[in-house]
Amino acid sequence: MLKTFRLPIVGGVLLIATAAGLAGCTGPTYINIPPQRGDLARDSPNGGDVVDIMSKSLAAAIEAEGVPGVYEVLLPEGASQQTYQEVVLRLGGGAITPDTLREAPVPSVAVAGVRVRGKAAEVDIVRPSPTGRAAVMVELEWYVGEDWAVTRVRPLRLSVEALGWAVPTEAVPSPLPPGVALPEAEPESEPLPPTPESSDVPDA
């Protein structure tokens, strides 16, 4: 006679809930960008949690010392047009994508690396600095019900070259996958025709 084994009700519910949470979790996870040889970490810059982490880290690094005027955002290799668009929209201000036309060269703010270990994340950012500290490490924590939040911005004394960071240089974001479209920009309103001033009206 075959024996049947049953999980305790509480244990079974917890097991199912844990599996479901891991399947759709956007919080604590394991990420290495750029990828490290032989590891099992995620390495795509296009995940929703990675976009959130990069956007908040860029905003914090820029706010720490400021980047006047327009600047281009450079994301890790493999970032799609959709990812670039979302990050730039979240940053606002003078942030543009690298394929945006410009009349003159603009400074770059780049994400050189992303590391996530459970509820802690670190993001390597390279940006213009009046103090000469272009390399910045931004630390974040994940809070239940509040998502990722920046806890520290650390300008580093070492140069980007000494740190060995690989700074993104790609000029054009990766194309969107088939079937994905960017939201259309709202058409700009046409300016009203100028109202003639009294000096422009001919004498009777």
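Everything below is about the structure printed above this text.
Residues numbered from 1 in each chain as written. Predicted model: local features only at pLDDT ≥ 70, side-chain atom pairs only at ≥ 80, totals over all residues. Heavy atoms only, no water.

Q: Run through helix H3 (residues 81-91), naming residues and quoting values.
A: Taken together, the buried positions of H3 are Thr83, Tyr84, Val87, Val88 and Leu91. Along the axis of H3, the buried residues cluster in a sector spanning 125°; they form a single face. Those residues of H3 hidden inside the fold are in contact with helix H2 (48-65), strand E2 (71-74) and strand E3 (95-96). Among the residues trailing H3, Gly92 stands out with phi positive, at a value near 65°. (Buried < 20%, exposed > 50% of the residue type's maximum accessible area, 1.4 Å probe, protein only. Helix = DSSP H or I, 4+ residues; strand = E, 2+ residues; numbered from the N terminus. Arc of directions from axis to C-beta. Contact = heavy atoms within 4.5 Å.)

Q: So, the packing of H2 against H3: which residues are in play, and what are the values?
A: H3 packs onto H2 with a crossing angle of 40° between their chain directions and a minimal axis gap of 9 Å. Our classification of the angle between H2 and H3 gives oblique. Classified by chirality, the crossing of H3 by H2 is right-handed. Across the interface between the two elements, Val51, Asp52, Met54, Ser55, Leu58 and Ala59 of H2 pack against Thr83, Glu86, Val87, Arg90 and Leu91 of H3. Looking at the contact of H2 with H3 residue by residue, the classes come out as six nonpolar, two polar and three charged. (Axes fitted to C-alpha atoms, helices over the stretch in contact; angles between N-to-C directions. Parallel < 35°, antiparallel > 145°, perpendicular 65-115°, else oblique. Left-handed = near helix turned anticlockwise from the far one by under 90°. Nonpolar A, V, L, I, M, F, W, Y, C, P; charged D, E, K, R; others polar.)

Q: So what about H2? Which residues, and what values?
A: Every α-helical turn comprises 3.6 residues, leaving residues that sit three or four positions apart pointing alike. Across its 18 residues, H2 extends 27 Å between first and last C-alpha, which sits within 8% of the 26 Å expected from 1.5 Å per residue. Considered for burial, the residues of H2 that qualify are Asp49, Val50, Val51, Asp52, Ile53, Met54, Ser55, Ser57, Leu58, Ala60, Ala61 and Ile62. Downstream of H2 by a residue or two, Gly66 has a phi angle that is positive, lying close to 85°. (Expected span 1.5 Å × (residues − 1).)

Keep in mind these values describe shape, not function.
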